[in-house]
Amino acid sequence: MMELKNICVRVPGENNRTLLDQITVTLRRGEVTLLLGCTGSGKTTLLQTMAGLKTPDSGVIRLEGEPMWRDGRVPQSVLLQTGLVFQFPEQQLFAHDIKREMLYSLRPYRLNEDDCEQQIEDSLAHWDPPRGDQGERRFHLERSPFALSGGEKRRLGLALGEVTKPDWMLLDEPSAGLEAHSVKLLFGSLDKQRMSGGAAIIATHDLDTFLPYADRVLLLKEGRLIADVTPLELHAHPELLLQAGMGLPPSMRLAEQLRAAGIAFPYPAMTAEEMAEAIIRSGGQKAAAAEHMHDTKEMPEAIPDYDDSAQFQQPTAASVPSNEAYSALDPRLKWVLYVLLVTAAMLQQDWLGLTLTLIPVAGALAVLPRQMLTGCIKLMKPLVLFFVLSTALSGSTITTGEGGIQLGFSWIQAEGTLLNLYRLFIVTLASLWFSLTTPYGRMVEGLNWVLAYGRKIKLPVASFALAVSLIFRFIPMIWSEWQRFSLIVRSRGKAALKPNTVRIRDLGPLIIPLLMALFQRAEDMTIAMEMRKVRENAALGARSSLLVWSRRDTRIGIIGLLVFALLVSMRWF
Ligand SMILES: Nc1ncnc2c1ncn2[C@@H]1O[C@H](COP(=O)(O)OP(=O)(O)OP(=O)(O)O)[C@@H](O)[C@H]1O
């Protein structure tokens with residue numbers, strides 16, 4: 001049994017926007033439960049919270065009576081019971097070949113070799129049955145998962161979800177990109193899950209496929225649970241779907257049309273077969289229905305208002321957060337401040353000057369939301385380690401004398417290196433602050449505005465814009481790849497880690513996909529920017545109606561200039 005009590009999840013920084021609001025529900029084994037809701041209603045967030053990947057800000061989750069979260073992390077014994085198939089299949093793939101993908105998922109279960117091979121074989125036999133005239137199979141163990149098509153990647157993701165035989169199978173949009181044949185395989189897998197006493201929770205928009213199959217439906221709206229019903233009850237109350245902001249699926253629209261045409265259409269008819277049978281049984285009314293459907297293209301207006309019947313949970317007070325509180329600085333100001341700071345850091349020649357330059361950067365970082373700040377600190381740790389090692393190497397001395405070879409350390413030798421690394425550290429921190437606090441599009445807009453002045457004096461600003469845009473694009477990309485990998489390590493590697501952390505031993509497999517993603521992104525962006533004629537300067541200098549310079553920006557700009565003047569004047573003291 002999985003019990004969620006008053007679960008709330010918020011986004012730090014975005015005015016503490018609420019993603020999940022007081023979710024209370026108990027899920028049982030042996031059931032297939034659907035999570036429904038319009039886009040952005042919180043289905044993926046809820047699924048990840050159930051998988052122990054998202055930390056609830058408040059509330060409690062218990063799995064088989066035990067609290068899921070202990071001391072800021074989910075114990076491996078709990079993670080081993082759940083299996084999450086991600087919404088986008090490529091998000092969970094990283095290994096060189098399919099066999100390694102399978103073994104990575106199975107490793108935490110510490111099975112013996114035979115059992116491991118058996119489970120891989122069972123899963124692949126199910127998800128990769130022989131196809132075509134030649135009985136061809138796609139999932140050869142030595143094949144790269146990245147050489148598969150989108151639908152094949154999805155099937156491989158589902159095979160990876162099944163290979164570990166989790167008690168709690170959590171599937172995010174599992175039918176997206178699957179043809180009917182593969183959906184049948186999915187049902188086969190869900191049958192097995194149900195019969196073995198396990199549970200499946202499926203976030204989906206594909207109501208026609210899953211409603212007839214499911215035992216239970218949870219309906220989300222703006223992070224709130226507004227209904228907990230059976231599929232049959234949902235068919236009888238289509239207004240719930242409308243209330244959740246979703247349209248009706250074709251099957252329910254058809255049923256409504258037929259009812260509106262006066263055909264006694266029974267509520268249990270949900271599948272194509274059941275519907276066909278109901279229509280045939282209605283006999284003489286068929287012709288009338290066909291005529292009515294031909295005439296009417298819109299939904300009948302006869303759908304009753306949502307009633308307050310006790311079986312449905314009532315929506316609580318609206319919790320839609322307001323966006324207005326998050327008023328960012330103008331990106332042009334940020335560019336100016338950034339350039340001033342980097343220039344000031346470059347001009348400093350001693351420790352005191354650099355430390356004074358660090359103060360405004362540290363101040364700007366200190367007011368970031370806590371989660372972002374923790375992320376920055378995590379990114380900085382390997383950098384600091386690199387600085388320490390570089391300094392140690394640059395200060396190392398080797399002398400040969402009568403006593404043989406002697407190793408030593410020269411502080412004078414090391415100091416120059418350390419000073420330069422300190423400068424680099426400050427510039428990196430400033431870049432991090434800039435890229436974390438500014439959406440990429442606004443950053444480029446601000447840059448275009450600033451560079452327009454360079455263009456006027458015939459500077460080669462277009463290539464500079466391209467290079468700077470790429471660099472700033474990479475910083476959040478590295479961070480998002482890091483987050484993705486942490487999800488893999490925790491969900492598939494079953495590591496009892498705090499969110500956004502990975503194990504040292506997982507760093508090796510992280511590097512290759514990260515570099516590949518960076519190269520791919522560089523190529524995509526170069527093409528996109530060329531297509532948008534950045535090289536011909538068409539975009540440069542374009543005045544954007546989105547950039548609004550406020551009085552506060554002017555005040556901060558003046559303070560920035562004064563601090564810059566102060567820092568530069570340090571050189572002469
Ligand atoms: N890391 C994040 N930072 C900020 N907002 C987020 C984050 N993750 C999700 N959100 C927001 O939370 C809301 C719910 O997202 P979620 O992915 O759970 O929705 P969903 O119901 O699964 O949507 P879809 O059907 O489109 O996949 C969205 O408005 C989304 O923008």
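Look a little higher up for the structure.
We now turn to the structure provided with this report. (Residues numbered from 1 in each chain as written. Predicted model: local features only at pLDDT ≥ 70, side-chain atom pairs only at ≥ 80, totals over all residues.)

Considerations on the sheet that holds strand 8 (residues 199–203)
Consideration 1: In spatial order, the strands read 6-7-8-3-9-10; together these 6 strands make up an open sheet with mixed pairing. For this open sheet the edge positions go to strand 6 (82–85) and strand 10 (224–229), each flanked by a neighbour on one side alone. Neighbour to neighbour, the strand axes of the sheet diverge by 15° on average, direction disregarded.
Consideration 2: Note that strand 3 (residues 32–36) and strand 8 share 4 bridges and pair parallel. Among the inter-strand pairings, Thr33 is bridged to a residue of strand 8, identified as Ile201.
Consideration 3: Lying on the sheet, helix 1 (residues 43–50) is in contact with strand 3, strand 6, strand 7 (168–172), strand 8 and strand 9 (216–221); it crosses strand 8 at an angle near 150°. (Pairing = 2+ DSSP bridges. Helix = DSSP H or I, 4+ residues; strand = E, 2+ residues; numbered from the N terminus. Axes fitted to C-alpha atoms, helices over the stretch in contact; angles between N-to-C directions. Contact = placed C-beta atoms within 7 Å.)

Quick word on the pairing of strand 4 (residues 58–63)
Consideration 1: The pairing of strand 1 (residues 2–11) with strand 4 spans 5 bridges and is classified as antiparallel. Across the sheet, the residue bridging to Cys8 is Ser58, located in strand 4.
Consideration 2: In terms of strand pairing, strand 4 meets strand 5 (residues 66–67) through 2 bridges, oriented antiparallel. The partner of Leu63 across the bridge, within strand 5, is Glu66.
Consideration 3: Counting the residues in the hairpin turn of strand 4 and strand 5 gives 2 residues, including Glu64, whose phi is positive at 50°.

Some words on the packing of helix 14 (residues 351–366) against helix 16 (residues 411–437)
Consideration 1: The contact between helix 14 and helix 16 brings their axes to 10 Å, and the two run at 20°. Our classification of the angle between helix 14 and helix 16 gives roughly parallel. Handedness of the crossing formed by helix 14 with helix 16: left-handed. Contacts from Leu354, Thr357, Leu358, Val361, Ala364 and Leu365 in helix 14 reach Tyr422, Arg423, Ile426, Leu429, Ala430 and Trp433 in helix 16. (Parallel < 35°, antiparallel > 145°, perpendicular 65-115°, else oblique. Left-handed = near helix turned anticlockwise from the far one by under 90°.)

Observations regarding unusual backbone geometry
Consideration 1: In this structure, Gln22 takes a positive phi of about 50° despite not being glycine.
Consideration 2: By the element assignment, Gln22 lies in strand 2 (residues 17–27).
Consideration 3: Overall, the presence of 17 C-beta atoms within 10 Å leaves Gln22 in the partly exposed class.
Consideration 4: In this structure, Arg110 is a non-glycine residue whose phi angle is positive, near 50°.
Consideration 5: Inspection of the secondary structure puts Arg110 in the loop between helix 3 (98–106) and helix 4 (113–127). (Buried ≥ 20, exposed ≤ 12 C-beta atoms within 10 Å, placed from the backbone.)

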